[in-house]
Amino acid sequence: PQPILPGERILTTRETEVLYHVARGDTDRQIAEKLYVSRRTVSNHVSNILSKLAVANLRDAARAAFRIGLI
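Remember, it's a predicted structure, so these values are computed and weren't measured experimentally. (Residues numbered from 1 in each chain as written. Predicted model: local features only at pLDDT ≥ 70, side-chain atom pairs only at ≥ 80, totals over all residues. Heavy atoms only, no water.)

Undergrad: Explain the overall build of the protein chain to me, please; I cannot follow it from the model alone.
TA: Within the protein chain, the regular secondary structure consists of four helices and zero strands. Per-residue burial over the protein chain gives 32% buried out of 71 residues. Here the contacts in the protein chain between residues at least 6 apart in sequence split such that 51% fall between residues at least 24 apart. Accessible area for the protein chain stands at about 4,700 Å²; split by element, carbon and sulfur atoms hold 49% of it. (Helix = DSSP H or I, 4+ residues; strand = E, 2+ residues; numbered from the N terminus. Buried < 20%, exposed > 50% of the residue type's maximum accessible area, 1.4 Å probe, protein only. Contact = heavy atoms within 4.5 Å. Areas by Shrake-Rupley, 256 points an atom, 1.4 Å probe, with all protein chains shown as cover.)

See the structure below:
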């Protein structure tokens, strides 16, 4: 994958919200309750985030998000 430039917007607003909560350590259930969506919706957003950031897990996604200034 191509490198992501700082400030480049690759996630949707909702995906960015989900990633913010992931980086805080919230569970899918907690995120779903805070954003008024189902756990399945959160899970789908997480899958999209991992794919778009080309990372294998949530820890790496949070690191990437901080590194490139998404959150």
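Undergrad: Quick question: what am I supposed to make of helix α3 (residues 39-53) here?
TA: One full turn of an α-helix is made of 3.6 residues, so residues set three or four places apart face in the same direction. Taking 1.5 Å as the rise per residue, α3 with 15 residues should run 21 Å; its terminal C-alpha atoms sit 21 Å apart, in good agreement. Residues of α3 that are buried in the fold lie against α1 (13-23), α2 (28-35) and α4 (58-67). At the exit of α3 stands A54, carrying a positive phi of roughly 55 degrees. (Expected span 1.5 Å × (residues − 1).)

Undergrad: When you look at the nonpolar core in this model, what are you seeing that I'm missing?
TA: Looking at soluble globular proteins, one finds that nonpolar side chains tend to be buried together. By size, the foremost hydrophobic cluster in this structure holds 17 residues, and its most contacted members are V18, L19, I49 and L53. Mapped onto this core, the elements with two or more residues apiece are α1, α2, α3 and α4. With five residues, the top contributor of residues to this core is α3. (Core = buried A, V, L, I, M, F, W, Y, C linked by side-chain atoms within 4.5 Å.)

Undergrad: Help me out: how do you make sense of the pattern of salt bridges in this one?
TA: Pairs may arise between side chains of opposite charge once their charged atoms sit close together. Tallied over the full model, the rule gives four salt bridges. Of the charged contacts, one joins K34 and D26 as a salt bridge, the two residues approaching to 2.8 Å between their closest N and O atoms. In this structure K34 comes out as partly exposed when scored by relative accessible area, which is 40%. Accessibility expressed as a relative area gives 15% for D26, which makes it buried. (Salt bridge = Lys/Arg side-chain N within 4 Å of Asp/Glu carboxyl O.)

Undergrad: When you look at the packing of α2 against α3 in this model, what are you seeing that I'm missing?
TA: The geometry of a pair of packed helices is captured by two quantities: the angle between their axes and the separation between those axes. α3 packs onto α2 with a crossing angle of 110 degrees between their chain directions and a minimal axis gap of 8 Å. If you check the angle between α2 and α3, you find them roughly perpendicular. Touching D28, R29, I31 and A32 of α2 are R39, V42, S43 and V46, all from α3. (Axes fitted to C-alpha atoms, helices over the stretch in contact; angles between N-to-C directions. Parallel < 35°, antiparallel > 145°, perpendicular 65-115°, else oblique.)

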